[in-house]
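Listed here are the chains, written in short residue letters.
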Amino acid sequence: MLPILVLLAGLLAPPVVAAEAETRYLWPSHHRAFLDDGPGWLLTAAQRDAFAAASEEERGATIVVFFADPDPSTERNQLQAAIDRRLALVRHEFSDLLDERARVLFLKGPPAEREVIACDQTFVPLEIWRYGNPEEPKLMRQFVLYEPAEDEPWRLWLPLDSKRVLYGKEMGYWMLQVAEITGGRTGPRFDKQLCRQVRKVDRATGIEALYGFEKNRPSNADVLKLFEPPADRGRWAREALSTPLPPDLADRLQVETPEVYFPERQGQRMVSRMLLRIPVEAGLGVFEQDLERELRVKLEGHVERDGQHFESFYMRYQVPVEGEAPELALVFERLLRSEDDFLVRVKVIDEIGGAVAHTAVGFRVPNEPEDHADLPPEVTVAQGEVVMPERVAGVDSLVIIPPETDVVIGLWRVETLIAGEQIRKVVFLLDGKAQMTRSRRPFEAELRLAKYPTEQIVSVEGYDADGDLIASDEVILNQQRGQLEVKILDPKAGGFVTGSVLARASVVVPEEKQISKVEFKVNDELQASLVKPPWQAEIEAPEVRGQGDVSYLTVSALLGDGTMAEDVMFLNQPDYLEEVEVDLVELYTTVEGDPNQSLSESDFTVTEDGRRQNILRFELVEDLPITIGITIDTSGSMIESLAEAKTAAVDFLDNIITPKDQSFAVSFSNFPILLMTRTSDVGAVETALEDLHAVGNTALHDAIVTSLYYFRGVRGRRALVLLSDGEDTASGIPFKDSLDYARRSGVSIYTIGLNIGRTQMGIRGNLNQLAKETGGRSFFIRKASELQTIYAQIDKELRSQYLLAYSSDAAQDKREFRTVQVKVKGRLKARTISGYYP
């Protein structure tokens, strides 16, 4: 009975003092992890205090009783499995377990709604989490979580904290001035002028402005219920086991607990060197390119002292390998004060295989350096070199954390990693133009990107107190991917150019490849050599002195592996030369009511902006290669239909994709996720679809634009099949912009509305218009079991289209949207794109 008595004794035990918080870093690791990393959150405060005050033997016995299997007849210990599942969910979201969002997620599971308040000029970083039934919004409970200061873990907001802590320093000052002038009454709302989400924060806190207290506002006790341990631990375990895990949850990586050494003193601090071993059997992925092979590992670390966040660090390792991958030892160092206790949490990510490990080590820093044994020769020791390797050496550096997705549009929060102490100001630039300046940590900023996926460069520059540039970094967003291709955009073909002119080109880069250089030449004389976009340069076109003078522009792109592509055009083409290449407008056309596919070219009429066009190419395209994208709604409302939807999509791909075709898959709930990039391996796409789970809101418009982005650089027949069951609730892109992007893409979109009633005119109209404008077709069904029939119709239609191609007679400088119409003789009806942008 000792363990139970230990817990009951906690009812009379005093709170844990700071000294005890320090010493538990020196406990056996599983004792500390029990209290701090999940299981301890299921205990009452008194039970936690009793556990902290117990002896090592008593703590061990308590843990045994806590995890005793209540039902040995089941295949697994349900409590242990539930804790493991919730911890997997928590660590997928948060690396620092001092972040109180992690504790809330562990205890209560994912919120029904999680809204990021994206107003950095008004508020500190904050989120609103809502629990309850979204269909009954008045009954939903709202909680505010916020980052109180730079480089500090997020906290749960309490009314006791006052609403002032949620505002940024400057906005909080202005709000306070207004409150003083008005005697606490609500006056001018400067915050509303800068942030459209102010009312949502007002409602979540129950406070208008700073002091407009509502009658039914939450109390401290109401908010702290979020941290209460479950009264029925068995029920909590059952709910936790039913919590869906995200589809992109990483596999576990096998690592050992870090070893800690103290080789030398630097000033008042001791070098604390940590060595983390990754055994051979962990199976690290190997990056292979040409004849080079290397391991690529990222490391994210958080240091705690006295139960509080102390510092964070980030590192990356690139280790060349020959033969089989060796046992790896990652080395990282911190400068820490002697006679202090610390806990270092580490997240390790295999960049190639995607597996992730979490580990931690506690230790006390000694007064004097200590020797340590050398590693065996078969262990490869790796020093971090890419992300903040200079931190150990004391050199200042600045690195942009790259975006998590390939497609970045609208508002993007640029986060940076800063090493050293000299950087006092960071300037954020977009395509070379300064957008925002930050003079305090965290050095982050929200930049407004193009509303469509466009190749853009985000740069950051770090300056010291004297205004001298210390470090800089940049990332290229939305780079075109596909088969290597160069196309000259300006000047236009067929014109007459002399003197200085701006030349522009588009470059499509293969996956996993990088551009070495892009060269602009006139008559084989180099005009410019570029290594990053935008791919444009001022060129000098020579004067034409005689009939035989001809000048031409060549733009060539060279990859790192030596592969090259180029495009050539005449700058002043003489009359006796004829253009060989004709840029044809291709219309893949479906004819309704054409069972025999026996129509001829003479049966069709093509018009552009009302003018009849000459058809230069005509054929029935039953066997031409096709690229198909599958985009599936995985929001919470799809929970009963998702299994059948996945099965139907897999069968569809099995039937339609041949070895010469390609397909890819995208899912979307709160945001779009690329499940599988373009590939001819249909099995890989089908496997990617298997692990989908239904959870979250519906970012339909974002998913449309993201999915169409993955067709960039792809020519020929292209079709997107989009399945959704409801209105958009989470996108940053309005429907009109997603529709305009769809019209520009030239991709046929087949929309499937699942269980969307006839009274839901908005979403039905959007799906209908999306299909109509792109030459696709819309379907509305009641049950997922009908999907097999719908996919069969789409399959048949895509395999029996006509290709009509023509050369537009429009003026070359006419850049606006050109409407297209295809008509068929008789009563048949043709469907194709509604138009295109040249």
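Scroll up to find the structure.
Below: a short report on this structure. (Residues numbered from 1 in each chain as written. Predicted model: local features only at pLDDT ≥ 70, side-chain atom pairs only at ≥ 80, totals over all residues. Heavy atoms only, no water.)

**Digging into the overall build of the chain**
Right, so step 1: A tally of regular secondary structure across the chain gives 19 helices and 44 strands.
Right, so step 2: The C-alpha atoms of the chain give 31 Å as radius of gyration, which agrees with the globular expectation for 838 residues (28 Å, within 12%).
Right, so step 3: Based on the C-alpha atoms only, the size of the chain along its principal axes is roughly 95 × 70 × 60 Å.
Right, so step 4: Distance between charge centroids for the chain: 8 Å, based on 95 positive and 134 negative side chains. (Helix = DSSP H or I, 4+ residues; strand = E, 2+ residues; numbered from the N terminus. Rg over C-alpha atoms; globule rule 2.2 N^0.38 Å. Lys, Arg positive; Asp, Glu negative; His and termini not counted. Charge placed at Lys NZ, Arg CZ, Asp CG, Glu CD.)

**Things to note about the nonpolar core**
Taken as a class, soluble globular proteins show a tendency for nonpolar side chains to be buried jointly.
Right, so step 1: Counting 40 residues, the largest nonpolar core has L42, F66, I83, F106 and W236 as the members making the most contacts within it.
Right, so step 2: Counting residues per element, the ones that place at least two in this core are α3 (29-36), α4 (45-53), α5 (56-66), α6 (78-93), α7 (100-108), β2 (126-131), β3 (141-146) and α12 (233-241).
Right, so step 3: Setting aside anything within four residues of it in sequence, one finds W236 in contact with L42, L79, A82, I83, R86, F106, L107 and P230.
Right, so step 4: In terms of nonpolar packing, the next biggest core, distinct from the first, is built from 37 residues, V650, F652, V685 and A688 among them. (Core = buried A, V, L, I, M, F, W, Y, C linked by side-chain atoms within 4.5 Å. Buried < 20%, exposed > 50% of the residue type's maximum accessible area, 1.4 Å probe, protein only. Contact = heavy atoms within 4.5 Å.)

**Digging into the sheet that holds strand β28 (residues 536-541)**
Right, so step 1: An order of β24-β25-β28 is seen for the 3 strands of this open sheet, with the pairing classed as antiparallel. Strand pairing shows two members of the sheet lacking a second neighbour, β24 (485-490) and β28, which therefore form its edges. Taken pair by pair, the neighbouring strands of this sheet meet at an average axis angle of 40 degrees, ignoring direction.
Right, so step 2: The pairing of β24 with strand β25 (residues 499-508) spans 5 bridges and is classified as antiparallel. Looking at the pairing, E485 lines up with V508 of β25. (Pairing = 2+ DSSP bridges. Axes fitted to C-alpha atoms, helices over the stretch in contact; angles between N-to-C directions.)

**Remarks on the packing of aromatic side chains**
Right, so step 1: Considering all chains together, one arrives at 23 aromatic pairs under this definition.
Right, so step 2: Ring centres of F34 and F51 lie 5.0 Å apart, and the angle between their planes is 40 degrees; on these two criteria the pair is classed as tilted. On the criterion of sequence distance, the pair formed by F34 in helix α3 and F51 in helix α4 is long-range, its members being 17 residues apart. Here F34 and F51 have matching classes, each one buried.
Right, so step 3: Taken together, the ring pairs in this structure connect W27, F34, F51, F66 and F67 into an aromatic cluster.
Right, so step 4: The ring of W154 has R101 lying over it, and the distance from NZ or CZ to the ring centre is 3.8 Å.
Right, so step 5: Note that R764 overlies the ring of F780, its terminal NZ or CZ placed 4.1 Å from the centroid. (Phe/Tyr/Trp six-rings, centres within 6.5 Å; stacked < 30°, edge-to-face > 60°. Lys NZ or Arg CZ within 6 Å of the ring centre and 35° of its normal.)

**A few points about the state of the cysteines**
Right, so step 1: Going through the model one piece at a time under the given rule, you end up with 1 disulfide.
Right, so step 2: Across the disulfide from C119 sits C195; the S-S distance is 2.1 Å. Because the sign of the S-S torsion sets the handedness, a value of about 65 degrees for the bond joining C119 and C195 places this disulfide among the right-handed ones. With C119 in the loop between β1 (113-117) and β2 and C195 in the loop between α9 (190-194) and α10 (198-205), this residue pair connects regions lying 76 residues apart in the sequence.
Right, so step 3: With relative accessibility at 2%, the residue C195 sits in the buried group. (Disulfide = S-S within 2.5 Å.)

**Some words on the side chain of E446**
Right, so step 1: Its location among the elements puts E446 in strand β21 (residues 444-448).
Right, so step 2: Taking relative accessible area as the criterion, E446 reaches 13% and is therefore assigned buried.
Right, so step 3: Other than its neighbours up to four places away in sequence, E446 contacts A118, D120, L411, W412, R413 and M436.

**Description of the pattern of salt bridges**
Right, so step 1: This model, assessed by the stated rule, comprises 42 salt bridges.
Right, so step 2: With a shortest N-O distance of 3.1 Å, D202 and R199 are connected by a salt bridge. Residue D202 and its partner R199 are located together in helix α10, separated by 3 residues, close to a single helical turn.
Right, so step 3: Residue classification places R199 among the partly exposed residues on the basis of a relative accessible area of 31%.
Right, so step 4: Ionic pairing is found between D661 and R799, a salt bridge with its closest N-O pair at 2.8 Å. Of this pair, D661 sits in the loop between α14 (642-656) and β36 (662-668) while R799 sits in the loop between α19 (787-798) and β41 (802-806), and the two are 138 residues apart along the sequence. Comparing D661 with R799, the two get one shared label, buried.
Right, so step 5: One network of salt bridges, in which partners are shared, links E93, D99, R101, R114 and E127. (Salt bridge = Lys/Arg side-chain N within 4 Å of Asp/Glu carboxyl O.)

**Observations concerning the sheet that holds strand β4 (residues 155-156)**
Right, so step 1: Taken in spatial order, the 4 strands make up an open sheet running β1-β2-β3-β4, and their pairing is antiparallel. The open sheet has two edge strands with one neighbour each: β1 and β4.
Right, so step 2: Relative to β3, β2 runs antiparallel, the two sharing 6 bridges. Its bridge partner lying in β3, E127 is registered against L145.
Right, so step 3: Strands in contact with α7 are β1, β2, β3 and β4; relative to β2, the strand with the most contacts, it is inclined by about 10 degrees.
Right, so step 4: Of the strands in this sheet, β1, β2 and β3 are in contact with α10, which crosses β2 at around 55 degrees.

**A closer look at a nonpolar patch on the surface**
Right, so step 1: Together, Y173, W174 and F190 make up a nonpolar patch on the protein surface, roughly 330 Å² of accessible area in all.
Right, so step 2: Within the secondary structure, W174 is located in helix α8 (residues 169-181).
Right, so step 3: For W174, a relative accessible area of 48% translates into the label partly exposed. (Patch = residues over 30% accessible without salt bridge, like charges linked within 9 Å, V, L, I, M, F, W, Y side chains within 5 Å. Areas by Shrake-Rupley, 256 points an atom, 1.4 Å probe, with all protein chains shown as cover.)

**Considerations on the packing of α6 against α12**
Right, so step 1: One way to put it is that α6 packs onto α12 with a least axis distance of 8 Å and a crossing angle of 50 degrees. Classified by the angle between their axes, α6 and α12 sit oblique to one another. Classified by chirality, the crossing of α12 by α6 is left-handed. Of the residues in α12, those in contact with Q78, L79, A81, A82, I83, R85 and R86 of α6 are R233, W236, A237, R238, E239, A240 and L241.
Right, so step 2: The residue inventory of the contact of α6 with α12, partitioned by class, reads 8 nonpolar, 1 polar and 5 charged. (Parallel < 35°, antiparallel > 145°, perpendicular 65-115°, else oblique. Left-handed = near helix turned anticlockwise from the far one by under 90°. Nonpolar A, V, L, I, M, F, W, Y, C, P; charged D, E, K, R; others polar.)

**Remarks on helix α17 (residues 735-745)**
Right, so step 1: Of all 11 residues in α17, 8 are buried, a share of seventy percent or more.
Right, so step 2: For α17, the complete set of buried residues consists of F735, D737, S738, L739, D740, Y741, A742 and S745.
Right, so step 3: In this structure, the buried side of α17 is in contact with α16 (700-709), β38 (717-724), β39 (748-754) and α18 (761-774).
Right, so step 4: Downstream of α17 by a residue or two, G746 has a phi angle that is positive, lying close to 75 degrees.

**Some remarks on unusual backbone geometry**
Right, so step 1: A cis amide bond, omega 0 degrees, links D490 with the succeeding residue P491.
Right, so step 2: Residue position: P491 is located in the loop between β24 and β25.
Right, so step 3: In this structure, A209 is a non-glycine residue whose phi angle is positive, near 55 degrees.
Right, so step 4: Tracing the backbone through its elements, the reader meets A209 in the loop between β5 (207-208) and β6 (212-213).
Right, so step 5: Of note, the phi angle at E339 is positive, near 65 degrees, even though the residue is not glycine.
Right, so step 6: Tracing the backbone through its elements, the reader meets E339 in the loop between β13 (327-337) and β14 (341-350).

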